[in-house]
Amino acid sequence: MRRQRKAKIVATLGPASSTQEMIQALFEAGADIFRFNFSHGTHADHQERYRIVREVEQTVGRPIAILADLQGPKLRIGQFVDGKVTLVAGQEFTLDRDSTAGNSDRVCLPHPELFEVIAAGQSLLLDDGKLRLQVQDSDGQKIRTRVVNGGALSDRKGVNVPDAVLPIPALTEKDKRDLAFALDLGVDWVALSFVQRPEDVLEAKALIGDRAWVLSKLEKPAALDQLDAIVQVSDAIMVARGDLGVELPPERVPGVQKRILRVCRQQGKPVVIATQMLESMITMPVPTRAEASDVASAIYDGSDAVMLSAESASGAYPLEAVEMMNRIIAEVEQDPLYRNLLDAQHETPLPNQSDAICSALRDVTRIIGAKATVTYTSSGHTSLRAARERPIAPIVSITPKLATARRLAMVWGVHSTISDQVHNESEMVKAACETVVKEGFAVAGDQIAITAGMPFGQPGSTNLLRLAEIWPNK
């Protein structure tokens, strides 16, 4: 089974999408990566979904990526005596370290580390930004604020602090337990929430090692101050527009999204656009036209993948949401403007062997009209660098490692396949020709371009470019 598109779809699994029939239907409709959201569900829930995905993978004969999305350090207020209060613009309201139930004058903020970094003039956003408080002062025990935007506020609502770098680890104790469990399961990607600095990513990578690739979720304005460094140490990036859209003014989010995309393209790192992409399809069988345009814009901008959250996890129309996203991507990629935009966004290759070869590969496939770009890879590096160039021909990635094939399911234009290790150039050409014919990319008489690293199996050594013609019965 091959996709007739290059951008990928991430679908979140949940109560609406936990049966084998539904998960297989979602894959066949277009889902390439399944996201397990560790903010919800039990380990037993995730274990059963993992088992089903791997059974579907065997049934369809295609590598499928699994993304474990860790909750991260979500900040929340405490509880109220009556479960709910109403705050009025102009009134004073205090957040303190007293664990007793709150009222309309105060509530507990059970995060002592915040009291030392909050300063007068900063803003606190409550309940996904619906309420805004301006800090008057903080003495280490109490944060006195004035309500700017009021409204109803109930127990355990979230707190966002857009104006400060918070002295909290990116991995909570819950995250560490979830991470160990996810790695033991065998997930392919780990999504790290609320990344603020490159050290957050390096801490996670030290725990993960080579057992999975790390996707950094950009949700805090502070991350933008070190964007290049964060992208450099990450394996992929997610533009998580939920919390990012709370902490930044809404009018800034589209520009920030494009900036992140540009940096990721420069460094050759996959990027996923997420949150509210087809939000209305949680309850409706069709999206709004604005949502369809949002997905299309992300594809025109060169995103590697777009993501469904509640639409596929808990919505009434999970299958229809994946089908709709698949159709939108396919429609965009058939538009001649799409290719023009990709070419206009093309980044200058870095001055190294891998980029020189993959840049030449991009030109060669266009000049000779190659039906496929074949990349031999052990670590995934060759396929990633080829994808950075956004060649016209599909990228057929051949690897002897199942883990690598699964991870590359996230990457633009890559059709992952698994093959025995090759030992010389003639074996490589033979296997490449057989694979592109078997996978439906080429027939006798077609030409393909092949790239690999010599010696075979040595990560990051892309240094070979070879052209080949498909011969009958070859």
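Everything here concerns the structure above.
Bear in mind the structure is a predicted one, so any value in this text is a computation, not a measurement. (Residues numbered from 1 in each chain as written. Predicted model: local features only at pLDDT ≥ 70, side-chain atom pairs only at ≥ 80, totals over all residues. Heavy atoms only, no water.)

Next up on the list: the overall build of the protein chain. Scanning the protein chain from terminus to terminus reveals 16 helices and 21 strands. Seen along its three principal axes, the alpha-carbon backbone of the protein chain occupies a region of about 80 × 45 × 40 Å. For the protein chain, the residues scored as buried account for 57% of the 474 residues in total. Partitioning the intrachain contacts of the protein chain with sequence separation of at least 6 by distance along the chain shows that 68% fall at a separation of at least 24. A total accessible area of about 18,900 Å² is found for the protein chain, and carbon and sulfur atoms account for 50% of it. (Helix = DSSP H or I, 4+ residues; strand = E, 2+ residues; numbered from the N terminus. Buried < 20%, exposed > 50% of the residue type's maximum accessible area, 1.4 Å probe, protein only. Contact = heavy atoms within 4.5 Å. Areas by Shrake-Rupley, 256 points an atom, 1.4 Å probe, with all protein chains shown as cover.)

With that settled, consider the sheet that holds strand β11 (residues 159–160). Pairing is mixed across the open sheet formed by 6 strands, whose spatial order is β6-β5-β9-β8-β7-β11. With partners counted over all chains shown, the strands left at the sheet margins are β6 (106–108) and β11, one partner each. With 4 bridges connecting them, strand β7 (residues 123–126) and strand β8 (residues 131–138) associate as antiparallel partners. Residue L125 lies in a different strand from β8, and its bridge partner there is R132. (Pairing = 2+ DSSP bridges.)

Residues F34, I260, V306 and M325 are the most contacted members of the largest nonpolar core, which totals 74 residues. Element by element, the count of residues in this core is highest for helix α11 (residues 318–333), at 7 residues. Not counting residues within four places of it along the chain, the set of residues in contact with F34 comprises A11, L13, I23, L26, F27, V53, I64, A65, I66 and L67. Counting residues in hydrophobic clusters, the runner-up holds 28 residues, among them M238, A305, C358 and V414. (Core = buried A, V, L, I, M, F, W, Y, C linked by side-chain atoms within 4.5 Å.)

Each full turn of the α-helix corresponds to 3.6 residues, which orients residues three or four apart in the same direction. Regarding helix α4 (residues 198–208), the residues found buried are P198, D200, V201, A204 and I208. Buried positions in α4, seen along its axis, are confined to an arc of 155 degrees and lie on one side of it. Turning to α4, the residues buried within the fold contact α3 (173–185), β12 (189–192), β13 (213–218) and α6 (227–233). Two residues or fewer after α4 comes G209, characterised by a positive phi angle close to 65 degrees. (Arc of directions from axis to C-beta.)

The next point concerns unusual backbone geometry. Even without a glycine there, the phi angle at D128 is positive, about 55 degrees. The residue D128 is located in the loop between β7 and β8 in this model. The residue F194 is not glycine, and still its phi comes out positive at about 55 degrees. With respect to the helices and strands, F194 occurs in the loop between β12 and α4. Judged by its relative accessible area of 12%, F194 falls in the buried class.

Glancing now at helix α14 (residues 381–388). Counting buried positions along α14 gives 7 out of 8 residues, so the element sits mostly inside the fold. Turning to α14, its buried residues are T382, S383, L384, R385, A386, A387 and R388. In the segment just after α14, R390 is the residue with positive phi, at about 50 degrees.

Another point: the state of the cysteines. In the structure shown here, the tally under the stated rule is 0 disulfides. The structure places no disulfide on C358, whose sulfur is separated from the nearest cysteine sulfur, that of C264, by 18 Å. With relative accessibility at 1%, the residue C358 sits in the buried group. (Disulfide = S-S within 2.5 Å.)

We now examine the pattern of salt bridges. By the definition in use, this model includes 33 salt bridges. In this structure, R106 and D96 form a salt bridge, with 2.6 Å as the shortest nitrogen-oxygen distance. With R106 in strand β6 and D96 in strand β5 (residues 92–96), this pair connects stretches of sequence that are 10 residues apart. Of the two residues, R106 and D96, both sit in the buried class. The structure contains a network of salt bridges with shared partners spanning R54, E57, D188 and R406. (Salt bridge = Lys/Arg side-chain N within 4 Å of Asp/Glu carboxyl O.)

Attention now goes to the side chain of D301. Mapped onto the secondary structure, D301 falls in the loop between α9 (289–300) and β16 (305–308). Of the polar contacts made by the side chain of D301, one reaches the side chain of K258; its length is 2.8 Å. Filtering out sequence-adjacent residues up to four positions away, D301 remains in contact with K258, L261 and Q345. (Polar contact = N/O pair within 3.5 Å; in protein donor to acceptor, adjacent residues only side chain to side chain.)

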